[in-house]
Amino acid sequence: MKKLLTIVFLFTSISIFGQKVDLGTVFTIEFNNLKKNMDFKLEKMNGYDGILDISEMDSIIKSNPKENQIIGVFANGKFGKSTNSMLVLISGLNDNLDYDLRIKTPNKRRFQKTSTVTLFKGVKSIEYWPYQIEEIDFKEFKTIPKENFQTFQIETKIDSTCIKNAHKNIEFGEQEFKTHLKLAISEFNNNNGNFKLDKMTEYENSMNSEDVSLGHFWSLGKGIYPNEKEFKFGNPISYRRNECPYFEGKSSYFYTKESKNIKVVSFNWETFKESNFGANPKIEKDLNEKFNSKYDFIVTVVSELLGKPLDIEQEKDSGRIDTKWKSLNGIKAYLFKFKTYNEIRLYIYKE
């Protein structure tokens, strides 16, 4: 009898203190005593069966979190044409937070750790997986030391890239992009799936590019790269590319883990920020115009190499402007620009 009671007690304990959230849930994480520790409890508020749309989050999360709470939604969300699991968190805590999260996929028995981004007070944090997640498990929260945050806020670290490399302006960047893109498309065309990573790292080294790779694996959503042949990828390699004083971007390479064959080459452009406090005020008034011109320039360059863009229907309320190509040789390109903030992304691949 004692053994039976012990088994029942253990089962009840797990049920009470479990911090798991099922897909399709709006929930609140509440910290018991922030002055003492980071112990927390998770309260499931109600279900959510819709598809998450970041632009409509205010209608889903209808109240702001208290100073000891995090409000979240874990449900299916849409990115591009792909719909997969998405987690949105809004923290009410004054301190910035790192947290430990485990995920469970339908084909796995055990939870596995996933990467997360830092939570800032009042800022929507979005985690998106290019595959289905059926359950998540919050394990631990940690505050970022205050002295680190104060240093980040107080010290204005000037990015000297444009001071030291004044010649790397828009004209220089556009010419370099043409050369870079032409080389990538040539390799896709001529190597029958054997587009070696070394080819592009040699090019980046010849340009004295700055390696800004994250050092861990991250993937592309199927709406960007379908990966119909289910290639296994290594950790993506990224290089910084600047066009002073307006654009900061990256070129990234997604390659097969064993054979080091590149399957996707990507480029992106964001606003160049010369300090921790943001963009130079002198360029802010011109940013929208510069990004619109950049988008038109990229469309022209890609069209010269791959042919006329496809006739596609713009997705309603997607928040993007999309352009796509498919060459006679089967090379595909996907270019988009966000409508609400200045960022452009381009992906080139051949299945």
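What you are looking at is a predicted structure, and each value in this text was computed from that prediction instead of being measured. (Residues numbered from 1 in each chain as written. Predicted model: local features only at pLDDT ≥ 70, side-chain atom pairs only at ≥ 80, totals over all residues. Heavy atoms only, no water.)

1. Thoughts on the side chain of Asn-268
So, step 1. Inspection of the secondary structure puts Asn-268 in strand β13 (residues 262–271).
So, step 2. Overall, Asn-268 belongs to the buried group, its relative accessible area being 10%.
So, step 3. A polar contact is formed between the side chain of Asn-268 and the side chain of Glu-270, at a distance of 3.5 Å.
So, step 4. Not counting the four nearest positions on each side in its chain, Asn-268 is found in contact with Glu-248, Gly-249, Lys-250, Glu-343, Ile-344 and Arg-345. (Helix = DSSP H or I, 4+ residues; strand = E, 2+ residues; numbered from the N terminus. Buried < 20%, exposed > 50% of the residue type's maximum accessible area, 1.4 Å probe, protein only. Polar contact = N/O pair within 3.5 Å; in protein donor to acceptor, adjacent residues only side chain to side chain. Contact = heavy atoms within 4.5 Å.)

2. Some remarks on the confidence of the model for the chain
So, step 1. In this model, the chain carries a mean pLDDT of 83, and residues with pLDDT of at least 70 account for 87%.
So, step 2. Taken as a whole, residues 1–18 scores under 50 in pLDDT and shows zero contacts with residues more than four places along the chain or in a different chain.
So, step 3. Confidence drops under pLDDT 50 across residues 147–156; counting only partners more than four residues distant or on other chains, this segment forms eight contacts. (pLDDT = per-residue confidence, 0-100.)

3. With respect to the packing of aromatic side chains
The description of an aromatic ring pair uses the distance of the two centres, along with the angle that the planes make with each other.
So, step 1. In the structure shown here, the tally under the stated rule is 22 aromatic pairs.
So, step 2. Ring centres 5.3 Å apart and planes at 85° place the aromatic pair Phe-31 and Phe-141 in the edge-to-face group. Linking Phe-31 in strand β2 (residues 25–31) with Phe-141 in strand β9 (residues 135–143), this pair joins segments that are 110 residues apart in sequence. Across the pair, exposure class does not vary: Phe-31 and Phe-141 are buried alike.
So, step 3. Pairing Tyr-225 with Tyr-349 gives two aromatic rings, centres 5.1 Å apart and planes at 80°, and the pair type is edge-to-face. Taken as a pair, Tyr-225 in the loop between β10 (210–211) and β11 (237–243) and Tyr-349 in strand β16 (residues 343–349) lie far apart in primary sequence, 124 residues in all.
So, step 4. Given the relative accessible area of 8%, Tyr-349 is considered buried. (Phe/Tyr/Trp six-rings, centres within 6.5 Å; stacked < 30°, edge-to-face > 60°.)

4. Some words on the side chain of Asp-322
So, step 1. Note that Asp-322 resides in strand β14 (residues 320–326).
So, step 2. Here the side chain of Asp-322 touches Arg-320 through a polar contact of 3.1 Å, side chain to side chain.
So, step 3. Not counting residues up to four positions away in its chain, the partners in contact with Asp-322 are Tyr-295, Ile-312, Gln-314, Tyr-334, Leu-335 and Phe-336.

5. Observations regarding the sheet that holds β11
So, step 1. What the seven strands build is an open sheet, ordered β10-β11-β12-β13-β16-β15-β14; its pairing is antiparallel. Every other strand in the sheet has two partners, leaving β10 and β14 as the edge strands with one partner each.
So, step 2. Examined bridge by bridge, β14 and strand β15 (residues 332–338) share seven bridges and lie antiparallel to one another. Bridge pairing in β15 links Lys-326 to Lys-332.
So, step 3. Running over the sheet, helix α5 (residues 170–190) touches β11, β12 (247–255), β13 and β16 and is turned about 165° from β13. (Pairing = 2+ DSSP bridges. Axes fitted to C-alpha atoms, helices over the stretch in contact; angles between N-to-C directions.)

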